[in-house]
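# Overview (structure and organization)
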Amino acid sequence: MALVKVHGPPMSTAVSRVLACLLEKDVQFQLINVDMAKGQHKSPEYLKIQPFGQVPAFQDEDITLFESRAICRYVSEKYMDKGNKGLFGSSNPLAKASIEQWLEAESQNFNPPSSTLVFQLAFAPMMKLKQDPGAIKLNEEKLKKVLDVYERRLGESRFLAGDEFTLADLSHLPNGQYLVSRTDRGELLTSRKNVGRWWNEISSRDSWKKVVEMQNVKPAKA
Ligand SMILES: N[C@@H](CCC(=O)N[C@@H](CS)C(=O)NCC(=O)O)C(=O)O
(Lines give C-alpha, C1' and ligand atoms only; values in the text may rest on other atoms or scores of the structure.)
Protein backbone atom coordinates (compact mmCIF):
# COMPACT_ATOMS: atom_id res chain seq x y z
CA MET A 1 0.00 0.00 0.00
CA ALA A 2 1.33 3.46 -0.90
CA LEU A 3 2.33 5.70 1.99
CA VAL A 4 0.16 8.71 2.76
CA LYS A 5 1.79 11.96 1.66
CA VAL A 6 2.10 15.21 3.58
CA HIS A 7 3.11 18.24 1.55
CA GLY A 8 4.75 21.07 3.48
CA PRO A 9 7.62 21.93 5.82
CA PRO A 10 7.53 20.64 9.45
CA MET A 11 8.28 24.23 10.58
CA SER A 12 4.70 25.14 9.63
CA THR A 13 2.37 24.87 12.61
CA ALA A 14 -0.41 23.38 10.49
CA VAL A 15 1.94 20.78 8.97
CA SER A 16 3.37 19.87 12.37
CA ARG A 17 -0.16 19.24 13.71
CA VAL A 18 -0.69 16.61 11.00
CA LEU A 19 2.75 15.05 11.59
CA ALA A 20 2.05 14.74 15.32
CA CYS A 21 -1.23 12.99 14.54
CA LEU A 22 0.37 10.55 12.08
CA LEU A 23 3.09 9.71 14.61
CA GLU A 24 0.53 9.19 17.40
CA LYS A 25 -1.41 6.89 15.09
CA ASP A 26 1.76 5.09 14.00
CA VAL A 27 0.88 5.70 10.34
CA GLN A 28 3.90 5.83 8.06
CA PHE A 29 4.06 8.81 5.76
CA GLN A 30 6.09 10.46 3.07
CA LEU A 31 6.93 14.12 3.72
CA ILE A 32 7.15 16.15 0.54
CA ASN A 33 8.89 19.47 0.82
CA VAL A 34 7.12 22.57 -0.46
CA ASP A 35 9.60 25.41 -0.89
CA MET A 36 7.50 28.29 0.41
CA ALA A 37 10.37 30.78 0.06
CA LYS A 38 10.21 30.12 -3.67
CA GLY A 39 6.40 30.37 -3.71
CA GLN A 40 5.94 26.72 -4.59
CA HIS A 41 2.70 26.66 -2.54
CA LYS A 42 1.19 29.09 -5.07
CA SER A 43 2.22 27.12 -8.16
CA PRO A 44 -0.58 25.83 -10.46
CA GLU A 45 0.52 22.25 -9.77
CA TYR A 46 0.28 22.67 -5.97
CA LEU A 47 -3.03 24.58 -6.18
CA LYS A 48 -4.56 21.43 -7.64
CA ILE A 49 -4.17 19.72 -4.26
CA GLN A 50 -4.50 22.80 -1.98
CA PRO A 51 -6.67 25.41 -3.73
CA PHE A 52 -5.94 28.10 -1.11
CA GLY A 53 -2.21 27.83 -1.70
CA GLN A 54 -1.37 26.90 1.88
CA VAL A 55 0.36 24.01 3.61
CA PRO A 56 -0.34 21.26 4.44
CA ALA A 57 -1.89 19.26 1.64
CA PHE A 58 -2.48 15.59 2.32
CA GLN A 59 -2.92 12.59 0.04
CA ASP A 60 -4.08 9.10 0.88
CA GLU A 61 -4.35 7.06 -2.33
CA ASP A 62 -7.00 8.94 -4.34
CA ILE A 63 -8.10 11.16 -1.43
CA THR A 64 -6.74 14.70 -1.25
CA LEU A 65 -7.39 16.87 1.78
CA PHE A 66 -6.41 20.23 3.22
CA GLU A 67 -7.04 21.90 6.63
CA SER A 68 -4.83 20.36 9.29
CA ARG A 69 -7.58 19.64 11.82
CA ALA A 70 -9.79 17.96 9.21
CA ILE A 71 -6.80 15.85 8.14
CA CYS A 72 -6.19 14.84 11.77
CA ARG A 73 -9.83 13.82 12.19
CA TYR A 74 -9.65 11.78 8.98
CA VAL A 75 -6.39 10.03 9.95
CA SER A 76 -7.76 9.20 13.40
CA GLU A 77 -10.96 7.70 11.98
CA LYS A 78 -9.43 5.89 9.03
CA TYR A 79 -6.63 4.36 11.10
CA MET A 80 -8.82 3.77 14.14
CA ASP A 81 -7.10 0.48 15.02
CA LYS A 82 -3.55 1.73 14.73
CA GLY A 83 -1.31 3.47 17.27
CA ASN A 84 -3.12 5.57 19.87
CA LYS A 85 -6.61 4.15 19.48
CA GLY A 86 -8.32 6.67 21.76
CA LEU A 87 -6.91 9.75 20.00
CA PHE A 88 -10.31 10.72 18.63
CA GLY A 89 -12.39 9.04 21.33
CA SER A 90 -14.64 6.06 21.07
CA SER A 91 -18.14 5.51 19.78
CA ASN A 92 -19.52 7.25 22.88
CA PRO A 93 -21.15 10.42 21.46
CA LEU A 94 -20.52 12.47 24.60
CA ALA A 95 -16.82 11.60 24.72
CA LYS A 96 -16.53 12.49 21.05
CA ALA A 97 -18.41 15.75 21.53
CA SER A 98 -16.05 16.73 24.31
CA ILE A 99 -13.05 16.20 22.03
CA GLU A 100 -14.79 18.18 19.26
CA GLN A 101 -15.62 20.94 21.71
CA TRP A 102 -11.98 21.40 22.77
CA LEU A 103 -10.74 21.02 19.20
CA GLU A 104 -13.01 23.92 18.32
CA ALA A 105 -11.82 25.86 21.35
CA GLU A 106 -8.27 25.41 20.07
CA SER A 107 -9.11 26.58 16.59
CA GLN A 108 -11.47 29.44 17.55
CA ASN A 109 -10.11 30.66 20.90
CA PHE A 110 -6.51 29.53 21.38
CA ASN A 111 -5.18 29.64 17.83
CA PRO A 112 -6.00 33.26 16.85
CA PRO A 113 -4.16 35.02 19.71
CA SER A 114 -1.38 32.42 20.06
CA SER A 115 -0.58 32.33 16.34
CA THR A 116 -0.53 36.13 16.20
CA LEU A 117 1.89 36.24 19.14
CA VAL A 118 4.08 33.57 17.54
CA PHE A 119 4.13 35.47 14.27
CA GLN A 120 4.81 38.86 15.88
CA LEU A 121 7.38 37.71 18.43
CA ALA A 122 9.18 34.85 16.66
CA PHE A 123 8.67 35.02 12.90
CA ALA A 124 8.48 38.78 12.22
CA PRO A 125 12.00 39.41 13.64
CA MET A 126 13.33 36.37 11.74
CA MET A 127 11.79 37.67 8.51
CA LYS A 128 13.02 41.21 9.25
CA LEU A 129 9.42 42.47 9.41
CA LYS A 130 8.31 45.26 11.70
CA GLN A 131 6.54 44.09 14.85
CA ASP A 132 3.14 45.54 15.78
CA PRO A 133 3.20 46.34 19.54
CA GLY A 134 -0.58 46.96 19.53
CA ALA A 135 -1.30 43.50 18.13
CA ILE A 136 1.11 41.94 20.64
CA LYS A 137 -0.57 43.62 23.61
CA LEU A 138 -4.11 42.90 22.43
CA ASN A 139 -3.43 39.24 21.69
CA GLU A 140 -1.53 38.68 24.91
CA GLU A 141 -4.59 39.93 26.82
CA LYS A 142 -6.87 37.72 24.72
CA LEU A 143 -4.70 34.66 25.26
CA LYS A 144 -4.56 35.25 29.03
CA LYS A 145 -8.36 35.17 29.18
CA VAL A 146 -8.49 31.96 27.12
CA LEU A 147 -5.87 30.33 29.34
CA ASP A 148 -7.80 31.30 32.47
CA VAL A 149 -10.61 29.10 31.15
CA TYR A 150 -8.10 26.30 30.41
CA GLU A 151 -6.66 26.66 33.91
CA ARG A 152 -10.06 25.99 35.46
CA ARG A 153 -10.79 23.09 33.10
CA LEU A 154 -7.41 21.47 33.69
CA GLY A 155 -7.94 21.78 37.43
CA GLU A 156 -10.76 19.28 37.09
CA SER A 157 -9.42 16.92 34.44
CA ARG A 158 -5.99 15.65 33.40
CA PHE A 159 -6.47 16.48 29.72
CA LEU A 160 -8.88 18.84 28.00
CA ALA A 161 -11.47 16.28 26.97
CA GLY A 162 -11.07 14.00 30.00
CA ASP A 163 -8.61 11.46 31.35
CA GLU A 164 -6.94 10.64 28.05
CA PHE A 165 -4.67 12.54 25.68
CA THR A 166 -6.69 13.27 22.53
CA LEU A 167 -6.62 15.27 19.31
CA ALA A 168 -7.93 18.20 21.33
CA ASP A 169 -4.68 18.37 23.33
CA LEU A 170 -2.49 17.52 20.33
CA SER A 171 -3.88 20.40 18.33
CA HIS A 172 -2.42 22.92 20.81
CA LEU A 173 1.15 21.64 20.44
CA PRO A 174 2.30 23.62 17.36
CA ASN A 175 1.56 27.14 18.60
CA GLY A 176 2.24 26.22 22.22
CA GLN A 177 5.70 24.96 21.28
CA TYR A 178 6.70 28.14 19.47
CA LEU A 179 5.28 30.29 22.24
CA VAL A 180 7.33 28.42 24.85
CA SER A 181 10.55 27.86 22.91
CA ARG A 182 10.78 30.83 20.54
CA THR A 183 9.18 33.77 22.35
CA ASP A 184 9.55 35.36 25.77
CA ARG A 185 5.84 34.76 26.52
CA GLY A 186 6.12 31.02 27.29
CA GLU A 187 5.18 31.77 30.90
CA LEU A 188 1.64 32.38 29.76
CA LEU A 189 1.47 28.59 29.59
CA THR A 190 4.14 27.40 31.99
CA SER A 191 3.40 29.68 34.96
CA ARG A 192 -0.20 28.52 35.34
CA LYS A 193 -0.34 25.54 37.72
CA ASN A 194 -2.73 23.30 35.77
CA VAL A 195 -1.97 24.56 32.27
CA GLY A 196 1.78 24.22 33.05
CA ARG A 197 1.35 20.64 34.24
CA TRP A 198 -0.70 19.81 31.14
CA TRP A 199 1.78 21.53 28.84
CA ASN A 200 4.72 19.56 30.29
CA GLU A 201 2.84 16.33 29.86
CA ILE A 202 1.62 16.84 26.28
CA SER A 203 4.84 18.38 24.98
CA SER A 204 6.93 15.46 26.27
CA ARG A 205 5.11 12.82 24.27
CA ASP A 206 7.41 10.86 21.96
CA SER A 207 5.32 11.80 18.93
CA TRP A 208 5.73 15.52 19.59
CA LYS A 209 9.44 15.22 20.44
CA LYS A 210 9.95 13.65 17.01
CA VAL A 211 8.12 16.53 15.32
CA VAL A 212 10.31 19.06 17.15
CA GLU A 213 13.39 17.12 15.99
CA MET A 214 12.07 17.31 12.41
CA GLN A 215 11.58 21.06 12.80
CA ASN A 216 15.15 21.50 13.96
CA VAL A 217 16.68 19.72 10.97
CA LYS A 218 17.88 22.34 8.51
CA PRO A 219 16.56 21.66 4.98
CA ALA A 220 19.30 20.48 2.61
CA LYS A 221 20.54 23.22 0.28
CA ALA A 222 19.36 22.72 -3.31
N1 LIG B 1 -6.34 26.44 8.69
C2 LIG B 1 -5.26 25.95 7.86
C3 LIG B 1 -4.13 26.96 7.93
C4 LIG B 1 -3.04 26.68 6.92
C5 LIG B 1 -2.01 27.78 6.96
O6 LIG B 1 -2.28 28.93 7.35
N7 LIG B 1 -0.79 27.43 6.58
C8 LIG B 1 0.25 28.42 6.55
C9 LIG B 1 1.53 27.86 7.17
S10 LIG B 1 1.28 27.43 8.88
C11 LIG B 1 0.52 28.81 5.11
O12 LIG B 1 0.45 27.98 4.22
N13 LIG B 1 0.84 30.08 4.88
C14 LIG B 1 1.16 30.58 3.57
C15 LIG B 1 0.04 31.36 2.94
O16 LIG B 1 -1.05 31.49 3.53
O17 LIG B 1 0.26 31.87 1.83
C18 LIG B 1 -4.81 24.57 8.37
O19 LIG B 1 -4.95 24.33 9.58
O20 LIG B 1 -4.34 23.74 7.58
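As recorded by an unreviewed UniProt entry, the protein chain carries the name glutathione transferase and is attributed to Aquilegia coerulea. Here is the UniProt Catalytic activity (unreviewed entry) comment for the protein chain, exactly as written: "RX + glutathione = an S-substituted glutathione + a halide anion + H(+)". On record in UniProt, under Sequence similarities (unreviewed entry), the comment for the protein chain is "Belongs to the GST superfamily. Phi family."

Right, let's get into the packing of aromatic side chains. Any two aromatic rings considered together are summarised by their centre-to-centre distance and by the angle between their planes. A complete count under the given rule lists seven aromatic pairs for this structure. An angle of 70 degrees between the planes, with centres 6.1 Å apart, marks the rings of Phe58 and Tyr74 as edge-to-face. Of the two residues, Phe58 is situated in strand S3 (residues 57-60) and Tyr74 in helix H3 (residues 68-78); the sequence distance between them amounts to 16 residues. Each member of the pair Phe58 and Tyr74 is classed as buried.

Our focus in this paragraph is the sheet that holds strand S4 (residues 63-66). In space, the four strands of this open sheet follow the order S2-S1-S3-S4, with mixed pairing throughout. Bordering the open sheet on either side are strand S2 (29-32) and S4, each of which pairs with just one other strand. Mean inter-strand twist for the sheet, computed between neighbouring axes without regard to direction, equals 20 degrees. For strand S1 (residues 4-7) and S3, the ladder comprises three bridges, and the chain directions are antiparallel. By the bridge assignment, Val6 is partnered in S3 with Phe58. Relative to S1, helix H1 (residues 13-24) is tilted by about 155 degrees, and along the sheet it contacts S1, S2 and S3. Against the sheet, H3 engages S3 and S4, with an angle of about 135 degrees to S4.

What counts as what
Residues numbered from 1 in each chain as written. Predicted model: local features only at pLDDT ≥ 70, side-chain atom pairs only at ≥ 80, totals over all residues. Heavy atoms only, no water. UniProt positions renumbered as here; feature names shortened; annotations may be inferred. Phe/Tyr/Trp six-rings, centres within 6.5 Å; stacked < 30°, edge-to-face > 60°. Helix = DSSP H or I, 4+ residues; strand = E, 2+ residues; numbered from the N terminus. Buried < 20%, exposed > 50% of the residue type's maximum accessible area, 1.4 Å probe, protein only. Pairing = 2+ DSSP bridges. Axes fitted to C-alpha atoms, helices over the stretch in contact; angles between N-to-C directions. Contact = heavy atoms within 4.5 Å.

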